[in-house]
2 protein chains.
Amino acid sequence: MMKEKIAIIGGGLSGSLLAICLAKRGFKIDLYERRGDMRKGKAEAGRSINLALSTRGIEALNKVGLAEQVLDEAIPMNGRLMHSIKGELTFQPYGKEGQFINSVSRSGLNIKLLELADAYENVTIHFNHRCVNANLDQNIAIVENPEGKKIEVKADIMFGTDGAFSAVRTEIQKTPRFNYSQTYENYGYKELEITPGPDAKHLIEKNALHIWPRGEFMMIALPNPGGSFTCTLFLPHEGKISFEHMETEEQVRNFYTTYFPDALKMMPGLVHDFFANPTGDLVTIRCNPWVYKKFVLVGDAAHALIPFYGQGMNCSFEDVKELDEIIEQHYPDWDLICDTYQEARIANANAIADLACKNFVEMRDLVGRPDFMHYKHVEHDLAEHYPEVFKSQYSLVTFATTPYSYALAQGFKNEALINYIIEHKLESELKNSDVMLPLLKDFLG
Amino acid sequence: MMKEKIAIIGGGLSGSLLAICLAKRGFKIDLYERRGDMRKGKAEAGRSINLALSTRGIEALNKVGLAEQVLDEAIPMNGRLMHSIKGELTFQPYGKEGQFINSVSRSGLNIKLLELADAYENVTIHFNHRCVNANLDQNIAIVENPEGKKIEVKADIMFGTDGAFSAVRTEIQKTPRFNYSQTYENYGYKELEITPGPDAKHLIEKNALHIWPRGEFMMIALPNPGGSFTCTLFLPHEGKISFEHMETEEQVRNFYTTYFPDALKMMPGLVHDFFANPTGDLVTIRCNPWVYKKFVLVGDAAHALIPFYGQGMNCSFEDVKELDEIIEQHYPDWDLICDTYQEARIANANAIADLACKNFVEMRDLVGRPDFMHYKHVEHDLAEHYPEVFKSQYSLVTFATTPYSYALAQGFKNEALINYIIEHKLESELKNSDVMLPLLKDFLG
């Protein structure tokens, strides 16, 4: 039996992973990527340089045998390390002993995926091919080749993995009764750098995600191999303290002197980078359905998240993993495959979008407050003493593959329980299972 | 001083009312309307034939001296009249004695507004001119004239009043950081007719809005002059009982025989109309901002509502009224006018969009349930006995001009109060102000 011909529009993280999964199943795959071959050039400006890889992403990479190799080059981050204005440090572990997330290079990972995809005889990668349009009823994508000529790409199944501003989705948006929303934060972000120390040593704790929470804004930093950190400043576009008031070198330097004095010392390129690097936007995109006829959206094209739960890539990889498992189960019934896929994923994508929005407030503000630190201690102790019954929302999202929608719902129950414990001053009873087990049962049922 | 030149894109209800308001202020106005002159032709298929005009809309019409004339031809509806499957009738008044909403003809009202606008020397109406594009940075709308030629329309201020699928908004959607959502109900709607009786008499109660609530679907009917009613059937697109299963005349007749037997007798054209009339979609559209440079969205172009609170036109007319008052106050500072306008209206448009969604469940399902009837009785008694302190959400929306967002918030408080009264079986105390006044104070603050 002749297997279907498949076109994948977009060769970023999701598209290249999907190409590998489908190649393993013997499909004939053509992958079209807007940009040039990143194995030969440098990464595009304005994309995040490193990303936090956690369980969902690792499980997906495992399916194509890449997890071990990727983790070998990653830097474990055991928790959040908060920097106060005075330079005091506070640490919050992400999970139990031995649980961590992993700082990985976006371009490094993308290159690994493209190399593996390219190694399959049944995969052809077309770089510098930009999708500009589609004829959804005839399984055709219109793609502009490097000579500027528009060519018709036709396949039995067409995947749109072309990111938050997906050209494929733009066409699907024109079909009847398509539900769609794009919501921008009033914040922008800018990538900056903390330089390596002598001998490529990290100047601050290597195995942590650093946060400088300042209430209405914040900076974070993730470690890179070679001793540097990639910092991201999240700041309102407009208002008293905002990007619109960072027009001169002096304004930027004063801002850092006032709010991030400890970091400033390690950021010699600050002023240059601040004006050289673009200011990015933060957008949440939701849509429904993800499938129109033979066109299927995967990854950011279906659900763009803001980055505050570190789940954008992990969620997209999980899309691919689940899609692959559904193909395993229902092939060759593509209608059933597509229906099952979107049924399984849409609610979860909406849940992690909600969680990411909620986490922004937590990161930029709450983590700097003593009452929140206390809350996190109680949560941590519950997870430690009652591991079978209590799991924090963070660990359900990050160190498990239970559906995001379950993590969202369970989080509300956890919150009620922890607030009850604090209100009734039961912290001293946390190890007393005679008191705690009935409570856990009441609240978490 | 030379007053600004203003272009209005869209000559429906909002656009023509806006033209009159601005004409009275002496601006030079060009109004572009996609359709032909409806004073000479027939109304477009697929738009609702009649609408419920209430206080907000009346106040706006008052500003241009049209309220009395419009109300003269309207049919008052004092409340909802529910039809059970067995043909039993139940009545719920909309407000106090003498409070009612008004069934008016959409095309009749639109024609009146166009005639009045046309009577101003400083207004030029261009029919059969369809906006296809815009150059937002240069105050230009590209409009196709009846000969199919694209012309550039340039003015100092450009208003987009071109409805839910606004071409002006489509251009604004391409600007950075535009927040946008379109959400479709899984329901469609179809307009049908109950014929006049002998001597143009109404065959069922004339002064009511009729509802046939059937849980997952419903039909409603609004009276027309001449004895007919325009019915609207709201039914899921897909599923067991849905439009997809209404493919044969027999299926339609059986469906009406089973669920609407009393109405069927008065609907001789049912089968013909069912297949001749289009099935409409129900969409809620929200966006933010409503202003980009000199382009300003008004009415459905800024906020498409589903029709279940009868506020689509009323909300749009209120946009125009408030905009006109803001111009009065801040002219000639157009930046301040635009900012004040969207600041004032966006939250209210979101609130009425929420209320309209909530009311769909109430109309198609709850109104047919005895416990809900009881709830409405308690609410009605509270409004009757404590008119200074208690106002129902419906009356805040329909018989007042308090902000929709206030009505939304107040509704939640009312609900808690009424549920408390019912739970504690305090119905016999409703007239006892010693019991009620403290309760009202507790719940409504």
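Residues numbered from 1 in each chain as written. Chains lettered and ligands numbered in written order. Predicted model: local features only at pLDDT ≥ 70, side-chain atom pairs only at ≥ 80, totals over all residues. Heavy atoms only, no water.

Caption draft 1: Layout of the relation of the copies chain A and chain B. The operation relating chain A to chain B is a screw motion whose rotation component is 180°, with 0.1 Å of axial translation and a residual RMSD of 0.0 Å. Here the copies are linked by what is in effect a two-fold axis. No C-alpha of chain A approaches the rotation axis more nearly than that of Ser-181 of chain A, which lies at 2.0 Å. Take the interface residues of chain A: 100% of them recur as interface residues in chain B, which is what a same-surface contact looks like. (Least-squares fit on C-alpha atoms with pLDDT ≥ 70 in both. Contact = heavy atoms within 4.5 Å.)

Caption draft 2: Structural context of the sheet that holds strand E7 (residues 101-105) of chain B. All names here are of chain B. Spatially, E3-E7-E4 is the arrangement adopted by the three strands of the open sheet, whose pairing is antiparallel. Edge positions in the open sheet fall to strand E3 (50-53) and strand E4 (75-77), since each of these has one partner strand only. Put simply, the sheet's adjacent strands are angled 35° from each other on average, direction ignored. Both E3 and E7 contribute to a ladder of four bridges, which runs antiparallel. Residue pairing for E7: Leu-51 is matched across the bridge by Val-104. (Pairing = 2+ DSSP bridges. Helix = DSSP H or I, 4+ residues; strand = E, 2+ residues; numbered from the N terminus. Axes fitted to C-alpha atoms, helices over the stretch in contact; angles between N-to-C directions.)

Caption draft 3: Representation of the side chain of His-129 of chain B. Residue and element names in this part refer to chain B. In this structure, His-129 sits in the loop between strand E8 (123-126) and strand E9 (130-135). Residue classification places His-129 among the buried residues on the basis of a relative accessible area of 12%. Side-chain polar atoms of His-129 contact the backbone oxygen of Phe-127, separated by 2.7 Å. For His-129, the residues in contact, after removing those within four places along its chain, are Tyr-32, Glu-33, Arg-34, Val-143, Glu-144, Asn-145, Pro-146 and Ile-151. (Buried < 20%, exposed > 50% of the residue type's maximum accessible area, 1.4 Å probe, protein only. Polar contact = N/O pair within 3.5 Å; in protein donor to acceptor, adjacent residues only side chain to side chain.)

Caption draft 4: Up close: the packing of helix H13 (residues 404-423) of chain B against helix H14 (residues 433-444) of chain B. Residues and elements named next belong to chain B. Where H13 meets H14, the closest approach of the two axes is 9 Å, and the angle between their N-to-C directions is 140°. As summarised for this structure, H13 and H14 are arranged oblique, according to the angle between their axes. Crossing geometry of H13 relative to H14 is assigned as right-handed. Here H13 contributes Gln-410, Lys-413, Asn-414, Ala-416, Leu-417, Tyr-420 and Ile-421 to the contact with H14, which in turn contributes Met-436, Leu-439, Leu-440, Phe-443 and Leu-444. Along the lines of polarity and charge, the residues of the contact of H13 with H14 split into nine nonpolar, two polar and one charged. (Parallel < 35°, antiparallel > 145°, perpendicular 65-115°, else oblique. Left-handed = near helix turned anticlockwise from the far one by under 90°. Nonpolar A, V, L, I, M, F, W, Y, C, P; charged D, E, K, R; others polar.)

Caption draft 5: Region of interest: the interface of chain A and chain B. With 13 residues of chain A in contact, the opposing surface of chain B contributes 13 residues. Area buried by chain A at its contact with chain B is led by Arg-177, Gln-182 and Tyr-184 of chain A, which between them contribute 50% of it. Here Glu-238 of chain B ties to Arg-177 of chain A by a salt bridge, and the two come within 3.6 Å at their closest N and O atoms. For the interface between chain A and chain B, the tally reads eight residue pairs in polar contact (both at pLDDT 80 or more). Element by element, the count of residues in the side of chain A that touches chain B is highest for strand E13 (residues 179-194) of chain A, at seven residues. Residues belonging to the side of chain A that touches chain B are distributed by class as follows: three nonpolar, six polar and four charged. Inspection of the sheet shows E13 of chain A paired to strand E13 (residues 179-194) of chain B by three bridges, in the antiparallel sense. Paired with Gln-182 of chain A across the strands is Tyr-180 of chain B, a residue of E13 of chain B. (Buried area = accessible area lost by both parts, 1.4 Å probe. Salt bridge = Lys/Arg side-chain N within 4 Å of Asp/Glu carboxyl O.)

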